[in-house]
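# A structural walkthrough
This is what each chain is made of:
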Amino acid sequence: MSIHNEHAEFSNELKRRFEEFTVWAIANWPHKNTPPTSRDFDIARKEIAALTIQDFDIGKRNAAIPEPEDAGPQYVSVSPAPWP
């Protein structure tokens, strides 16, 4: 099986399981007077969609920053700077 087929299969399974989870969460919500709706899970759906994008060039993207032995920085801060 090629990597593309495996990725597509994984993506479909992940989305299917998430939809099953949302149905279960709505049906079993402990506060019956304020149950969530399917729309309450839209942000999570967008995050899952971003995870399942086929990005096979992730190594190239990560290679943009040289390693320390190649005169790259010892530390790369990924935290945003505080608001001035």
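Scope of this entry: the structure provided in the associated data block. This is a predicted model, so every value here is computed, not measured.

The rules behind the values
- Residues numbered from 1 in each chain as written.
- Predicted model: local features only at pLDDT ≥ 70, side-chain atom pairs only at ≥ 80, totals over all residues.
- Heavy atoms only, no water.
- Helix = DSSP H or I, 4+ residues; strand = E, 2+ residues; numbered from the N terminus.
- Expected span 1.5 Å × (residues − 1).
- Buried < 20%, exposed > 50% of the residue type's maximum accessible area, 1.4 Å probe, protein only.
- Contact = heavy atoms within 4.5 Å.
- Axes fitted to C-alpha atoms, helices over the stretch in contact; angles between N-to-C directions.
- Parallel < 35°, antiparallel > 145°, perpendicular 65-115°, else oblique.
- Left-handed = near helix turned anticlockwise from the far one by under 90°.
- Nonpolar A, V, L, I, M, F, W, Y, C, P; charged D, E, K, R; others polar.
- Salt bridge = Lys/Arg side-chain N within 4 Å of Asp/Glu carboxyl O.

The next subject is helix α1 (residues 3-27). Its 25 residues give α1 an end-to-end C-alpha distance of 36 Å, which sits within 8% of 36 Å, the value for a rise of 1.5 Å per residue. Regarding α1, the residues found buried are His7, Ser11, Phe18, Thr22 and Ala25. Where α1 is buried, its residues contact α2 (42-51).

Axis angle and axis distance: for two packed helices, these are the angle between their axes and the distance between the axes, and together they describe the pair. Packing of α1 against α2 leaves a shortest axis separation of 11 Å and a crossing angle of 165°. Classified by the interaxial angle, the pair formed by α1 and α2 is roughly antiparallel. Two packed elements cross with a definite hand, and for α1 against α2 that hand is right-handed. Contact residues: α1 offers Leu14, Lys15, Phe18, Glu19 and Thr22, while α2 offers Ala44, Arg45 and Ile48. Considering only residue class, the contact of α1 with α2 consists of 4 nonpolar, 1 polar and 3 charged.

Here we come to the pattern of salt bridges. For the coordinates displayed, the defined rule picks out 5 salt bridges. Note that arginine 16 and glutamate 13 form a salt bridge whose closest N and O atoms lie 2.5 Å from each other. Residue arginine 16 and its partner glutamate 13 are both found in helix α1; the two are separated by 3 residues, about one turn of the helix. According to the relative accessible area criterion, glutamate 13 is partly exposed, its value standing at 30%. Arginine 45 is paired through a salt bridge with glutamate 19; the nearest N and O atoms lie 2.7 Å apart. On the criterion of sequence distance, the pair formed by arginine 45 in helix α2 and glutamate 19 in helix α1 is long-range, its members being 26 residues apart. Classification of arginine 45 by relative accessible area gives partly exposed; the value is 22%. In the salt-bridge network here, residues are joined through shared partners; they are Glu13, Arg16, Arg17 and Glu20.

Most of the time, phi is negative for any residue but glycine, and the peptide bond is trans. In the Ramachandran plot, alanine 71 falls in the positive-phi region, its phi being about 70° despite a non-glycine side chain. Structurally, alanine 71 is set in the segment after α3 (58-62).

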